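Coordinate analysis (summary)
One letter stands for each residue in the lines below.
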Amino acid sequence: MAGELKRRLVHVSGTGYPALFLLGLASYDQLRLLLVASSVAALALEAVRLLVGLDWRIFDELTREYEQDNVAGYALYMFGMTVAALAFEPRVAIPAMLMLTIADPISGLVGSGELGVKAAHTLLLTFGVCVLIASLSGLPVIAAILGALAATLADGAKPVISGYVVDDNLTIPVGAAVAIYLSLQYLPTVTF
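Before going into details, it helps to say that this report is about the structure given with it. Quantities reported herein were computed from a predicted structural model and do not represent experimental measurements. (Residues numbered from 1 in each chain as written. Predicted model: local features only at pLDDT ≥ 70, side-chain atom pairs only at ≥ 80, totals over all residues. Heavy atoms only, no water.)

Topologically, A96 is positioned in helix α6 (residues 90–110). Residue class for A96 comes out buried when judged on its relative accessible area of 0%. Residues A96 and A134 lie 38 residues apart in sequence; the distance between their C-alpha atoms is 8.0 Å. Beyond its immediate stretch of four places on either side in the chain, A96 contacts P173, A176 and A177. (Helix = DSSP H or I, 4+ residues; strand = E, 2+ residues; numbered from the N terminus. Buried < 20%, exposed > 50% of the residue type's maximum accessible area, 1.4 Å probe, protein only. Contact = heavy atoms within 4.5 Å.)

See the structure below:
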């Protein structure tokens, strides 16, 4: 449990990225640049870790067994937030990033942390937290629900493709942002 708690605390610390924008400490363009720089740094660390064999204790403590020979979740976390920020405006990307940085760690603490489909009560909690995040962001009801549903589905199961786990750190912000964007473009806008 100690390792899982450490992972979740690191996960929540990523809230600092969207918080910089929300608190007016960085423009959206500055946030995008910071995310790109962080993604490049994560890519470089992963290249060294996987190709050269960087063996830092922090990697052993904060990565899961299935990440030992694949790109680790922290890098996919950065890539997912960066894609969301680069592809979408703040109204769409910020709630999607917060679903990753807040709802996913809560889900991880409540859920088993194992591969496979999460329990129904964990998925309901994840959905509720995501709807709350989206509604506090001022999104219309349908956009909030569909974004939360996409994030919950991404969080609910980690598919394995050719031995590679498709981590929810990548799919939560991207999936939620796509769902929010499409609903804002094509569906009625009723606010909470």
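Now that the structure has been shown, the text picks up again.
Along the chain, T101 falls in helix α6. You can call T101 buried: its relative accessible area is 0%. Every residue in contact with T101, bar those within four places of it in the chain, is listed here: H11, V12, G14, T15, Y77 and M81.

It is worth spelling out the pattern of salt bridges at this point. Tallying each qualifying case throughout the model produces two salt bridges. A salt bridge links R32 to D29; its shortest N-O distance comes to 3.7 Å. Highlighted residues: R32 and D29, both in helix α3 (residues 28–52), separated by three residues, approximately one helical turn. Given a relative accessible area of 21%, R32 falls into the partly exposed group. We note a salt bridge from R49 to E46, for which the minimum N-O separation is 2.7 Å. Of the two residues, R49 and E46 both sit in helix α3, three residues apart, roughly one turn of that helix. (Salt bridge = Lys/Arg side-chain N within 4 Å of Asp/Glu carboxyl O.)

We now examine the packing of aromatic side chains. Going through the model one piece at a time under the given rule, you end up with two aromatic pairs. Ring geometry for F21 and Y28: centres 5.4 Å apart, planes at 70°, overall edge-to-face. A residue is classified by how much of its surface remains accessible, and Y28, at 9% relative accessible area, is buried. Judged by centre distance (5.5 Å) and plane angle (45°), the ring pair of F88 and Y181 falls under tilted. Residue F88 is found in the loop between α5 (73–87) and α6, and its partner Y181 is found in helix α9 (residues 168–186); the two are separated by 93 residues along the sequence. Taking relative accessible area as the criterion, F88 reaches 13% and is therefore assigned buried. (Phe/Tyr/Trp six-rings, centres within 6.5 Å; stacked < 30°, edge-to-face > 60°.)

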